[in-house]
Amino acid sequence: KIFPWTFHCPCALLTVVCVCQKNLPWRNAQNFDSPLCLHSGTCRGTTVAVKILDGDLNDEVMEDFKNEVIVMSKLRHANLLLFMGLSTGSGKLKLVTEYASRGSLHDILREKPGIDFKGKMLVAKQSSLGVFWLHQSKILHLDLKPANIFVDENWVTKVADFGLSQLKDDIQFA
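Presented here is an overview of the structure given in this document. Counting starts from 1 at the beginning of each chain's written sequence and moves along it residue by residue. Residues qualify for local features only when their pLDDT is at least 70, as the model is predicted, and side-chain atom pairs are given and counted only at 80 or more; totals for whole chains, interfaces and linings, by contrast, use all residues. To obtain the side-chain values, all non-hydrogen atoms of the structure were used and water was disregarded.

This part is about the pattern of salt bridges. The salt bridge criterion pairs a side-chain nitrogen of Lys or Arg with a carboxyl oxygen of Asp or Glu, the two atoms within 4 Å. Per the counting criterion, the structure on display carries 5 salt bridges. The closest approach of N and O atoms between Asp161 and Lys51, which form a salt bridge, is 3.9 Å. Of this pair, Asp161 sits in the loop between strand 9 (157-159) and strand 10 (166-167) while Lys51 sits in strand 3 (residues 46-53), placing them 110 residues apart in sequence. Taking the shortest distance from any N to any O, the salt bridge between Lys145 and Asp143 comes out at 3.7 Å. Classification of residues uses two cut-offs on accessible area relative to the type maximum, computed with a 1.4 Å probe and protein chains only: under 20% is buried, over 50% is exposed, and between them is partly exposed. The class of Asp143 is buried, set by a relative accessible area of 19%. Among the charged side chains, a salt-bridge network with shared partners connects Lys51, Glu68 and Asp161. Think of it this way: any DSSP run of H or I at least four residues long counts as a helix, any run of E at least two long counts as a strand, and we number them from the N terminus.

This is the structure:
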């Protein structure tokens, strides 16, 4: 085990089927030079997203990854990306989550500007519900942007990317 807190994905037979994040409908061009690569895979017959870190895993990258796993393991809400497990095999860190087939809100708005007003309001409402749940749970996201909001096949938005998030016991809301 790489970390004492590591728990492994229940998907013992995780199969990664894509080669790199540019092959997925949800991609963030800012990450092409990082040790991060996004893939899709299957776990017990279900399509999943697999965030793989390899290469130069310096202390900062490792701390962000550890933080993301800790925060995501506490999340259970329809508008937050579901954490499914972690694998540390082959010297790579793999974060397994639900797969949001429509991609990031950033890509949807950029590539498909035809989303009508009602659709935009639905995305805003669902994203707000996810963030409200985070705040009620004393979690600050700290990196909320369209590239970190994903949309599934049913147009349900999922707030994602919790690497910069913080757990705060002393959050006070007005």
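Quick look at the environment of His39 now. Secondary-structure assignment places His39 in strand 2 (residues 36-43). Spatially, the C-alpha atoms of His39 and Lys51 are 6.3 Å apart, while their sequence positions differ by 12 residues.

Once that is clear, we can look at the pairing of strand 5 (residues 93-98). Side chains on a regular strand alternate between the two faces of the sheet. For strand 5, a buried count of 6 out of 6 residues is recorded, marking the element as mostly surrounded by other parts of the structure. Each pair of strands is called paired provided DSSP finds at least two bridges between the two strands. Note: strand 3 against strand 5, 6 bridges, orientation antiparallel. Across the sheet, residue Lys51 finds its bridge partner in strand 5, namely Leu95. As defined by bridge partners, strand 4 (residues 83-87) adjoins strand 5 across 4 bridges and the pair is classed as antiparallel. Opposite Ser87, over in strand 5, you have Lys94 as the bridge partner.

Here we take up the nonpolar core. Grouped together as the largest cluster of nonpolar side chains are 22 residues, with contacts concentrated most on Phe65, Met72, Leu75 and Phe162. If you list the elements that add at least two residues to this core, you get helix 1 (59-72), strand 4, strand 5 and helix 3 (117-136). Once you skip the residues sitting within four places of it in the chain, Leu75 turns out to touch Leu80, Trp133, Leu134, Ile139 and Phe162. What makes a nonpolar core is a set of buried Ala, Val, Leu, Ile, Met, Phe, Trp, Tyr and Cys residues whose side-chain atoms join them at distances within 4.5 Å. Cys43, Val48, Ile52 and Val96 belong to the second-largest nonpolar core, a separate cluster that totals 5 residues. We call two residues contacting when some pair of their heavy atoms lies within 4.5 Å.

Positioned with a positive phi, Lys138 is a non-glycine residue whose angle comes to about 65°. Along the polypeptide, Lys138 turns up in the loop between helix 3 and strand 7 (139-140).

For helix 1, which comprises 14 residues, the first-to-last C-alpha distance of 20 Å matches the rise-based estimate of 20 Å (1.5 Å per residue) to within 8%. Of all the residues in helix 1, the buried ones are Val61, Met62, Phe65, Asn67, Glu68, Val69, Val71 and Met72. Lining the buried residues of helix 1 we find strand 3, strand 4, strand 5, strand 7 and strand 10. Here the expected span of a helix is defined as 1.5 Å times the quantity of residues minus one.

When the terminal C-alpha atoms of helix 3 are compared, their 28 Å separation across 20 residues agrees well with the 28 Å that a helix rising 1.5 Å per residue should span. Along its buried surface, helix 3 packs onto helix 2 (105-111), strand 7, strand 8 (149-151) and strand 9. At the C-terminal side of helix 3, Lys138 shows a positive phi close to 65°.

Attention now moves to the sheet that holds strand 6 (residues 103-104). Working definition: the strands of a sheet are paired by backbone hydrogen bonds and lie parallel or antiparallel to each other. Here 3 strands make up an open sheet; going across it, the order is 6-8-9 and the pairing antiparallel. Only two strands of the sheet have a single partner each, and these edge strands are strand 6 and strand 9. Note that strand 8 and strand 9 share 3 bridges and pair antiparallel. Residue pairing for strand 9: Ile149 is matched across the bridge by Val159.

By themselves, these figures tell us nothing about what the structure is for.
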